[in-house]
Amino acid sequence: MTQALDVRDVHASRGPHQVLRGVTIDVAPGEICALMGTSGAGKTTMLRAIAALGPFDSGSIVVDGFALTPGHVPPESKLRVLRRSVGMVFQQHSLFEHLSVIENVTLALVHALGWTRERAETEASALLTTLGVAHRAAAFPRQLSGGEAPRVTIARALAPDPTLLLLDEPTSALDPARRTSLGEVLRALAAEGHALLISTHDVDFAEAFADRVAVLAKGVVVEEGSPRDILSDSTHADVRALLRSPSAEPPE
Amino acid sequence: MIGHDLHRDAVFVQVAWSSIEASVERGDFSIGMSGVEDRPELRARHAVSIPYFEFREVLAVRFADSARYRTLADLSGKRVATLGGTGAYQTLLDLQPHAGPIPISYDDDVHPYSDLVSGRVDAVLLDNIIADRSLRRSGGFYIQPVPVATGHYVAVLAAADTALRDSVNVILRAHMRDGSLEKTFRAWKVWDTTQVQYFARALTDSAGPHAVGAAASVRSVRSYLPALLRAALITLLLSCLAMMLAVAVGIAVAAGRVYGSPLVRAPLAVYVEIIRGTPVLLQLFVLYYGLSGFIRLPAFVAAVLGLGLNYAAYESEIYRAALQAIPRSQLEAGRTLGLSEAQILRLVRGPQALRLALAPMTNDFVALLKDSSLVSVITVVELTKQTAIYATNVGSWVVPGLLCSVIYLALSLPLSRLARRLERKWSSI
């Protein structure tokens with residue numbers, strides 16, 4: 001079966017600093033993969049390279065059959081296919097402050113895909129209903145609660161129906177009840193066939209909802225396997241560090 | 001001559017010609033003399049000497065028009081230049097409602113004639129002294145021999161200075177009588193048969209023209225208010241058009257400086273620095289007079305362009321800062337959604353930047369409204385210029401200044417309120 005995401009031996013640097021030193025990960029359709037690691041382990045750099053927001057130096061990244069090349073990020077005109085395949089949920093949500101919730105979700109449908117406004121609004125309403133925030137359609141981003149904002153951001157990223165959804169620390173601002181509720185939403189998305197790669201340092205969340213865990217330390221994947229194997233049995237120091245103080249971790 | 005006979009040393013104090021009367025009343029100097037025209041309003045406000053010279057308002061036209069435009073009646077609907085605040089200007093203003101010529105007022109006596117030669121105006125109505133001097137200096141036009149009107153130059157003194165005025169009158173008469181004033185006028189090449197007749201009359205009639213009552217100033221409000229309101233409309237129209245140009249060019253320059261290659265950014269940065277580093281007055285002169293050899297812009301167009309392009313430099317800096325203040329994550333969110341860079345600018349970055357730019361933009365528009373008074377230097381009669389004409393003619397700034405301030409406030413206050421409302425609305429969501 002073709003992978004939704006296939007990352008092979010990716011190296012990336014920021015200035016003189018070598019952030020990724022040969023990362024290999026894949027995610028299949030319908031699978032949730034948690035990318036774990038301490039701050040500075042390279043989780044966000046990895047996600048940004050996959051979303052073509054940041055460059056990488058060598059290796060290969062293939063998303064739903066579309067191959068990204070090492071070096072500078074190509075211009076947007078050459079990324080049309082990738083943009084349809086990858087959705088990104090930013091850690092700070094980054095909702096468009098001047099647009100209402102429904103306008104945030106329909107923006108890409110109307111302007112990138114050329115849908116009519118009616119069709120886009122029907123689709124957006126359905127998504128907001130699925131995510132449990134349909135009643136907030138007319139609200140503006142700064143009026144949303146901490147639990148609502150990530151759901152709206154997910155709805156916005158899902159609107160163009162991407163194969164792969166990247167989520168950067170989606171639980172960092174949520175209380176335990178909301179984490180569980182968000183996890184259930186993500187499981188439902190995976191059940192529909194989406195591939196999800198989630199950067200997180202939240203051990204409980206990864207254990208409860210991920211199919212697979214990859215632990216990133218000093219720019220390489222040091223452990224990979226089922227959440228139970230990795231998170232309860234590992235002898236690796238970085239994993240133990242994560243287990244000891246999961247919530248003491250500052251956001252990356 | 002007068003100083004010597006008063007046993008005082010004459011000290012020259014230079015002021016703008018149109019401010020002579022206001023300055024003499026303030027006490028900046030005691031006696032004002034420089035083509036100050038005798039007229040009823042002047043006598044109502046100040047102490048005025050007997051006239052020392054009789055001048056004629058003459059019509060200057062291009063050679064080709066010398067047969068066509070002989071009198072003001074031939075110039076119906078044509079553009080006739082003169083100095084603002086003169087009797088000639090008043091003559092033109094009085095005629096305008098009766099299908100007369102269109103008066104174009106200048107602040108100096110050189111540009112009316114150069115604009116006549118270059119075709120910007122069809123005739124110049126000014127004192128024969130000024131016309132003759134311009135003809136000697138540059139030439140290129142024809143002075144109609146039949147004068148439109150005659151007038152007198154007088155010395156003007158503060159209203160309280162009647163004793164000094166009487167001394168000046170005695171001295172003037174003495175010099176008319178003994179021929180020394182004639183000698184001076186001959187040396188200046190302004191002596192003519194008109195003066196011979198005038199001197200004879202002045203020496204026999206000791207009373208001189210009579211003073212007029214102060215009722216004139218009350219009537220003046222009613223007669224000048226329509227002109228002030230018309231001028232306010234010019235100010236408003238000029239400011240709106242200039243601001244629209246400034247916003248459009250400002251957005252283009254800001255976008256070029258944020259998104260463009262170094263080859264685009266460098267000339268735009270130079271444009272902004274040159275405009276911000278030089279006075280707008282200079283820019284207006286260059287645009288209107290400096291470029292007249294290549295392109296002859298109508299005054300109003302030059303005013304809109306001058307103010308608009310000047311403010312565009314300031315607007316572009318506001319927009320550039322606002323664009324750069326939008327967080328990178330907002331742009332990246334747009335990119336991951338598959339929007340093109342142009343769509344991100346139009347749908348995400350631009351609208352958010354506009355909210356940040358609103359307050360400084362309003363500020364600039366109010367400033368522009370008032371800076372628009374500068375365009376009077378290129379003959380556009382807007383609110384401040386019209387007020388100055390009004391004040392010169394009634395000899396006081398009190399009522400005209402008050403009316404003018406009220407009109408400016410009436411224009412700018414609603415604008416500030418609108419901006420505040422929009423800001424509140426946007427910050428609440």
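Coordinates for the structure precede this section.
So, how was this worked out
- Residues numbered from 1 in each chain as written.
- Chains lettered and ligands numbered in written order.
- Predicted model: local features only at pLDDT ≥ 70, side-chain atom pairs only at ≥ 80, totals over all residues.
- Helix = DSSP H or I, 4+ residues; strand = E, 2+ residues; numbered from the N terminus.
- Buried ≥ 20, exposed ≤ 12 C-beta atoms within 10 Å, placed from the backbone.
- Contact = placed C-beta atoms within 7 Å.
- Rg over C-alpha atoms; globule rule 2.2 N^0.38 Å.
- Nonpolar A, V, L, I, M, F, W, Y, C, P; charged D, E, K, R; others polar.
- Pairing = 2+ DSSP bridges.
- Axes fitted to C-alpha atoms, helices over the stretch in contact; angles between N-to-C directions.
- Parallel < 35°, antiparallel > 145°, perpendicular 65-115°, else oblique.
- Left-handed = near helix turned anticlockwise from the far one by under 90°.

Let us look at the overall build of chain B. Each helix and strand counted, chain B has 17 helices and 9 strands in total. Projected onto the principal axes, the alpha-carbon positions of chain B cover approximately 95 × 50 × 45 Å. Relative to its full complement of 429 residues, chain B shows a buried share of 38%. Residue pairs at least 24 apart in sequence account for 75% of intrachain contacts in chain B once pairs closer than 6 positions are excluded.

Once that is clear, we can look at the overall build of chain A. In terms of helices and strands, chain A carries 9 helices and 10 strands. Its C-alpha atoms give chain A a radius of gyration of 18 Å, within 12% of the compact-globule value 18 Å for 252 residues. By principal-axis analysis of the C-alpha atoms, chain A measures approximately 55 × 40 × 35 Å. Residues counted as buried form 46% of the 252 residues belonging to chain A. Excluding contacts between residues fewer than 6 apart, the proportion of contacts in chain A whose partners are at least 24 apart in sequence is 65%.

Taken residue by residue, the interface counts 21 residues in chain A and 18 residues in chain B. Of the residues in the side of chain A that touches chain B, the class split is 11 nonpolar, 5 polar and 5 charged.

With that settled, consider the sheet that holds strand β10 (residues 220-225) of chain A. All names here are of chain A. Taken in spatial order, the 6 strands of this open sheet run β6-β7-β8-β3-β9-β10, and their pairing is mixed. Two strands bound the open sheet, and with one partner strand each, they are β6 (86-89) and β10. Direction aside, neighbouring strands of the sheet carry axes that sit 20° apart on average. With 4 bridges joining them, strand β3 (residues 32-36) and strand β9 (residues 212-217) adopt parallel strand pairing. Note on β9: the bridge partner recorded for Ala34 is Val213. Running over the sheet, helix α5 (residues 148-158) touches β6 and β7 (164-168) and is turned about 165° from β6.

The subject of this paragraph is the packing of helix α14 (residues 328-336) of chain B against helix α15 (residues 341-371) of chain B. All names here are of chain B. As a packed pair, α14 and α15 sit with axes 10 Å apart at the nearest point and diverge in direction by 160°. One finds that α14 runs roughly antiparallel with respect to α15. Remark: the crossing between α14 and α15 carries right-handed chirality. Contacts from Gln330, Leu331, Gly334 and Arg335 in α14 reach Ile344, Val348, Arg349 and Gln352 in α15. Taken together, the residues that form the contact of α14 with α15 break down as 3 nonpolar, 3 polar and 2 charged.

Residue and element names in this part refer to chain B. Where helix α12 (residues 280-288) contacts helix α13 (residues 299-325), the two axes come as close as 9 Å, and the packing angle between them is 140°. Judged by the angle between their axes, α12 and α13 are oblique. As for how α12 packs across α13, the hand of that crossing is right-handed. Contact residues: α12 offers Val280, Gln283, Leu284, Leu287 and Tyr288, while α13 offers Ala299, Ala302, Leu305, Gly306 and Asn310.

We now examine the sheet that holds strand β2 (residues 17-27) of chain A. Residue and element names in this part refer to chain A. Read from one edge to the other, the open sheet built from 4 strands follows the order β2-β1-β4-β5, with strand pairing classed as antiparallel. The sheet is open, and its two borders are formed by β2 and β5 (66-68), each paired with just one other strand. Within this sheet the neighbouring strands show an average axis-to-axis angle of 25°, counted without direction. Relative to strand β4 (residues 58-63), strand β1 (residues 5-14) runs antiparallel, the two being bridged by 5 bridges. The residue of β4 that forms the bridge with Val7 is Ile61. Against the sheet, helix α1 (residues 43-50) engages β1, β2 and β4, with an angle of about 115° to β1.

In this fold, A:Phe96 is placed in the loop between β6 and α3 (101-111). The spacing of A:Phe96 and A:Pro141 is 45 residues in sequence and 7.2 Å in space, taken between C-alpha atoms. Non-local contacts of A:Phe96, meaning those with residues more than four positions away in its chain, are made with A:Asn104, A:Leu107, B:Gln330 and B:Val348.

To continue, consider the environment of A:Val213. All names here are of chain A. Its place among the elements puts Val213 in strand β9. Judged by the 26 C-beta atoms lying within 10 Å of it, Val213 falls in the buried class. Each residue touching Val213, except ones within four places of it in the same chain, is listed here: Ala34, Met36, Ala206, Gly225, Pro227, Ile230 and Leu231.

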